[in-house]
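Structural characterization, general
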Amino acid sequence: MTSGRIAVIDSGVANLRSVVNALTQLGATPYIAQTPDELKKAAKIILPGVGAFAAGMARLREGNFIEPLRNYAALGMPILGICGGYQMLGRHIRDPFGVETTVKQLKGLCFLPIDTTLEKEKTTVLSEGVLTLGNERFQVRGYEIHMGHSTPCDGYLSLIAMGAHTDGCKTE
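This section reports on the structure supplied with the text.

Before going further, it helps to spend a moment on the overall build of the protein. When its secondary structure is counted, the protein shows four helices and ten strands. When the helices and strands of the protein are read in sequence order from the N terminus, they spell out β-α-β-β-α-α-β-α-β-β-β-β-β-β. Burial statistics for the protein: of 172 residues in total, 39% are counted as buried. Taken as a whole, the protein presents about 9700 Å² of accessible surface, with 53% of it coming from carbon and sulfur.

Right under this line is the structure:
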């Protein structure tokens, strides 16, 4: 699947083993990074999450991951965010109903031009679409599980086309 090792950051709010197992089945060489120093041996980085944006951002701050992640992003290292990790890569998350925190808006890492607004109810929908990575396209099918909406801002590129709508965001 990929050359080089893939660091899966332990954000404290993710099912790390599921991500590592999936990558291994695809032929990748993943490992769990619990400190910023462990990112040095990575060719790519994955920031997983299961929602819990506020707790995930706090873990990144407390673990001193934010500056190293900014440096790697500036160097063009691929960084993939999954679920709450995707939200952390964005600009802001709004929590008008106090789903996760009493703070109404929190700042993300600002790597992607997206803003997320949490909703009171979780939605689960079986979806199909086309994932575009570079010049390659892949048919994908799976569940979209959302506890809100991530809205792309100006200058975004969609990651997955699903009929009349898109999901995900990439910078190149």
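So much for the structure itself; the text now carries on.
Within helix H3 (residues 66-74), burial applies to Ile66, Pro68, Leu69 and Tyr72. The buried residues of H3 all sit within an arc of 160° when viewed along its axis, so they share a single face. Contact partners of the buried residues in H3: strand E1 (5-9), strand E3 (44-47), helix H2 (53-62) and strand E4 (79-81). Residue Gly76 follows H3 closely and has a positive phi angle near 90°.

Here the focus is the nonpolar core. Grouped together as the largest cluster of nonpolar side chains are 27 residues, with contacts concentrated most on Ile9, Leu39, Ile45, Leu60, Leu69 and Leu109. Secondary structure elements with two or more residues in this core: E1, strand E2 (29-33), E3, H2, H3, helix H4 (84-89) and strand E7 (114-133). Judged by nonpolar contacts, the second largest core, of eight residues, contains Ile6, Val19, Val20 and Ala28.

What counts and what doesn't
- Residues numbered from 1 in each chain as written.
- Predicted model: local features only at pLDDT ≥ 70, side-chain atom pairs only at ≥ 80, totals over all residues.
- Heavy atoms only, no water.
- Helix = DSSP H or I, 4+ residues; strand = E, 2+ residues; numbered from the N terminus.
- Buried < 20%, exposed > 50% of the residue type's maximum accessible area, 1.4 Å probe, protein only.
- Areas by Shrake-Rupley, 256 points an atom, 1.4 Å probe, with all protein chains shown as cover.
- Arc of directions from axis to C-beta.
- Contact = heavy atoms within 4.5 Å.
- Core = buried A, V, L, I, M, F, W, Y, C linked by side-chain atoms within 4.5 Å.

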